[in-house]
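# Residue-level structural notes
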Amino acid sequence: LLTYFRCTGSGCGPGILRLFRPDGSTDRYSTSCLGDPKYAIEDEQGRVWFADGFRGFRSLSGLGDSECNLKTYNSPFSENNREITIRNNQVWLASGGVDQRFNNRFLNHGLASFIDGQWTVYNPNTLEAMRGEDPGSPNDDLLDIIAVAIHPANGTIYAASYFEGLLEMAPDGTSA
């Protein structure tokens, strides 16, 4: 069984994979291929497949391998979509959420745009402007994006977080 531990303190390096053997022994693997690991599994050929919050879905040819095989898909980061906004041939998704009692869910999925046939994802892992003042802690990151709007005159994008504020972005997706 292969699993991971996630680094959450300040000064963290790449994520860590930890292999648990039936005899109770463990091995720890760290590689630059891991950023924010969510889940990992080793297949019958010894390849390690994992989902990562930073760079999507990837694999290693083996536990000692350093070559990262990135799998990219032209899609949003998350199936969570609170709001969809369309203007000027652009689609923008707010991928945050709230529960039935309107409490935040602490989702860091951000927002996504579909422009000229290409999806782009903006979240604390991909856009520095969505990270809080403390880079070692996700506690002040812009989470639960529940609304997105496009200014009708200049195309500026506004993304509203449930309780962390408002993000203003240029029409090309760069932070304003």
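Provided above is the structure to which this section pertains.
One structure accompanies this document, and this report is about it.

Rules behind the numbers
- Residues numbered from 1 in each chain as written.
- Predicted model: local features only at pLDDT ≥ 70, side-chain atom pairs only at ≥ 80, totals over all residues.
- Heavy atoms only, no water.
- Salt bridge = Lys/Arg side-chain N within 4 Å of Asp/Glu carboxyl O.
- Buried < 20%, exposed > 50% of the residue type's maximum accessible area, 1.4 Å probe, protein only.
- Phe/Tyr/Trp six-rings, centres within 6.5 Å; stacked < 30°, edge-to-face > 60°.
- Helix = DSSP H or I, 4+ residues; strand = E, 2+ residues; numbered from the N terminus.
- Core = buried A, V, L, I, M, F, W, Y, C linked by side-chain atoms within 4.5 Å.
- Pairing = 2+ DSSP bridges.

A side chain with one charge can pair with a side chain of the opposite charge if their charged atoms come near. For the structure on display, the rule yields one salt bridge. The salt bridge involving Arg 47 is made with Asp 43; its shortest N-O contact spans 2.7 Å. What makes Asp 43 buried here is its relative accessible area of 18%.

Considering all chains together, one arrives at five aromatic pairs under this definition. Ring geometry for Phe 106 and Phe 163: centres 6.1 Å apart, planes at 80°, overall edge-to-face. Taken as a pair, Phe 106 in the loop between strand S9 (90-94) and strand S10 (111-115) and Phe 163 in the loop between strand S13 (157-161) and strand S14 (166-169) lie far apart in primary sequence, 57 residues in all. Residues Tyr 162 and Phe 163 carry aromatic rings whose centres are separated by 6.1 Å and whose planes lie at 90° to one another, so their mutual orientation is edge-to-face. Under the relative-accessibility criterion, Tyr 162 is labelled partly exposed at 26%.

Ranked by size, the top nonpolar core spans 14 residues in total, and within it Trp 92, Leu 111, Met 130, Leu 167 and Met 169 carry the most contacts. Elements supplying a minimum of two residues to this core: S9, strand S12 (145-150), S13 and S14. Element by element, the count of residues in this core is highest for S12, at three residues. Formed by nine residues, the second largest nonpolar core is a distinct cluster that contains Cys 33, Val 48, Phe 50 and Leu 63.

As a further point, take the pairing of strand S11 (residues 118-122). Note: S10 against S11, five bridges, orientation antiparallel. Each residue of the ladder has a partner; that of Ala 112, found in S11, is Val 121. Hairpin connection, S10 to S11: the antiparallel pair is bridged by two residues, and Asp 116 has positive phi, about 50°.

Relative to strand S5 (residues 48-52), strand S4 (residues 37-42) is paired through five bridges, and the arrangement is antiparallel. Among the inter-strand pairings, Glu 42 is bridged to a residue of S5, identified as Val 48. Connecting the antiparallel pair S4 and S5 is a turn made up of five residues, with Gly 46 showing a positive phi of about 85°.

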